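Geometric and topological summary
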Amino acid sequence: MKTKIYLILGALLLSSCLTATTYGVQTISASDKHFRYEGRIDFSDPNSPVIVWQASRISIDFEGDTLTLLLNGAKAQNFFDANIDNSTAIVEANEGMPMKGTTFTGLGKGRHHLLLSKRSEGNAGSVHFNGIQIDDGAKVWASTPVDYKLRMEFFGDSKTVGACNEDGNTDQWDTRRTHNGLLSYAAMTAEAFNADHRNISVSGMGVITGYVDVNVGQMWNKIYPRASSPLADMKAWVPDVVFVNLGENDDSFTKKQKQPFPADFNDQYVSLVRNIRGAYPKTHIVLLRGGMYGGMHSKQLDAAW
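Residues numbered from 1 in each chain as written. Predicted model: local features only at pLDDT ≥ 70, side-chain atom pairs only at ≥ 80, totals over all residues. Heavy atoms only, no water.

Examining the overall build of the protein
Check the secondary structure of the protein and you find eight helices and 15 strands. By principal-axis analysis of the C-alpha atoms, the protein measures approximately 85 × 40 × 40 Å. Across the 305 residues of the protein, 46% fall into the buried class. Within the structure as shown, the protein displays about 15600 Å² of accessible surface, and the carbon and sulfur contribution to it stands at 55%. (Helix = DSSP H or I, 4+ residues; strand = E, 2+ residues; numbered from the N terminus. Buried < 20%, exposed > 50% of the residue type's maximum accessible area, 1.4 Å probe, protein only. Areas by Shrake-Rupley, 256 points an atom, 1.4 Å probe, with all protein chains shown as cover.)

Quick look at the structure:
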């Protein structure tokens, strides 16, 4: 009996060694201290943080010829830019579908830099990040911190998200692959000022009403873009400047529904700004208007402003 047990244990150990040799990879957990996370992210499980908002970023330096991103638990649609050594590819993590573009090979044996940035908006989907797989025995390092000069936070709707900005002449909403928040005016403004930024915006959202089932007062300080979401820690990351660009959906949605412009728009807008001021006592708050023709020429918004 003992001989049989030893034989079984020996076979299992040999199988384990062969598996490691065959695949030649090691897993770096998402909780590894070398990862740098930027953005409003759900860290309730440090080993599997949920990437929610557009422009959320993950970076790390690593060694070796191969890299695989470990993503799972996708809700709806998620698209990322994966930049490795200044070469960018789109990664797809969509609910009920195989992940696409998550493995990179032929990178060479030296040190490499990964920057993974979410391009699709938070209200279109979220996904768990479980870390990376790299060559067995390869090292990882924390990437060099970006020397940001400012912190900027944006609250807005589809304009601020960057919706449809790569669609060409005809807007479409079937796939968010071409809705690139990394080329939104928010991202470009932040880049121009060398600023870290967060884009807490939802397409179709209004101050009172709009084309989605959440308004800004219900989600501006939440981890997820929904009223039932847990609150975000508003003291963990404090912006130097907040930009608010909202109102056009309140106008266009009520017109399409043949309803009057919301009578309490002004009160709720002022309440939002006061709540932002309460969360960020020393932050500059810039109130924006415009971006779309209808909103710029709306008599209702003119009167409200």
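What follows picks up the thread again.
A few points about the side chain of Asp157
Turning to its location among the elements, Asp157 is positioned in the loop between strand 12 (150-156) and helix 2 (158-161). Its relative accessible area of 2% is what places Asp157 among the buried residues. A distance of 2.8 Å separates polar atoms of two side chains, one belonging to Asp157 and the other to Lys159. Among the polar contacts made by the side chain of Asp157, one reaches the side chain of Asn249 at a distance of 3.3 Å. (Polar contact = N/O pair within 3.5 Å; in protein donor to acceptor, adjacent residues only side chain to side chain.)

A few points about the pairing of strand 6 (residues 79-84)
Most of strand 6 sits inside the fold, with six of its six residues counted as buried. Judged by which residues are buried, strand 6 turns out to be covered on both faces: Phe79, Asp81 and Asn83 on one side and Phe80, Ala82 and Ile84 on the other are all buried. Where strand 6 meets strand 7 (residues 87-92), six bridges bridge the pair, whose relative direction is antiparallel. Along strand 7, the bridge assignment pairs Phe79 with Glu92. In sequence, strand 6 turns back onto strand 7 through a hairpin of two residues, with Asp85 there showing a positive phi of about 55 degrees. By the bridge criterion, five bridges tie strand 6 to strand 9 (residues 111-118) in an arrangement that is antiparallel. Along strand 9, the bridge assignment pairs Phe80 with Lys118. (Pairing = 2+ DSSP bridges.)

Here's the deal with the packing of aromatic side chains
The tally for this structure, following the rule as stated, stands at eleven aromatic pairs. Taking 4.8 Å as the distance between ring centres and 15 degrees as the angle between the ring planes, the aromatic pair formed by Phe154 and Phe243 counts as stacked. With a gap of 89 residues between them, Phe154 in strand 12 and Phe243 in strand 14 (residues 241-245) connect regions that are remote in the sequence. Phe154 sits in the buried class, given a relative accessible area of 1%. Classification of Phe243 as buried rests on a relative accessible area of 14%. Between Phe265 and Tyr269, the aromatic rings sit 5.9 Å apart at their centres with planes inclined by 40 degrees, giving tilted as the arrangement. (Phe/Tyr/Trp six-rings, centres within 6.5 Å; stacked < 30°, edge-to-face > 60°.)

Overview of the sheet that holds strand 12
The strand order 13-12-14-15 describes an open sheet built from four strands, whose pairing is parallel. The two strands at the open ends of the sheet, each matched to only one other strand, are strand 13 (195-201) and strand 15 (284-288). Adjacent strand axes in the sheet meet at a mean angle of 15 degrees, parallel and antiparallel pairs treated alike. Here seven bridges tie strand 12 to strand 13, and the two strands are oriented parallel to one another. Considered in strand 13, the bridge of Leu150 is made with Ala195. Each of strand 12, strand 14 and strand 15 touches helix 6 (residues 265-279); the most contacted strand, strand 15, lies at about 155 degrees to it. (Axes fitted to C-alpha atoms, helices over the stretch in contact; angles between N-to-C directions. Contact = heavy atoms within 4.5 Å.)

A closer look at the environment of Glu63
Considering the arrangement of structural elements, one finds Glu63 in strand 4 (residues 57-63). Placed 50 residues apart in sequence, Glu63 and His113 show a C-alpha to C-alpha distance of 8.8 Å. In this structure, Glu63 is in contact with Lys109, Gly110, His112, Ile134, Gly137, Ala138, Lys139 and Trp141, ignoring residues within four places of it in sequence.

Some details on the pattern of salt bridges
Enumeration according to the criterion identifies 13 salt bridges in this entry. Across the salt bridge formed by Glu92 and Arg177, the nearest N and O atoms sit 2.4 Å from each other. One end of the pair, Glu92, is in strand 7; the other, Arg177, is in the loop between helix 2 and helix 3 (185-192), and 85 residues separate them in sequence. Judged by relative accessible area, which is 15%, Glu92 ranks as buried. For Asp302, the salt bridge identified is with Arg289, shortest N-O distance 2.7 Å. With a gap of 13 residues between them, Asp302 in helix 8 (residues 299-304) and Arg289 in the loop between strand 15 and helix 7 (293-296) connect regions that are remote in the sequence. One continuous salt-bridge network, built from bridges that share partners, spans Glu38, Arg57 and Asp196. (Salt bridge = Lys/Arg side-chain N within 4 Å of Asp/Glu carboxyl O.)

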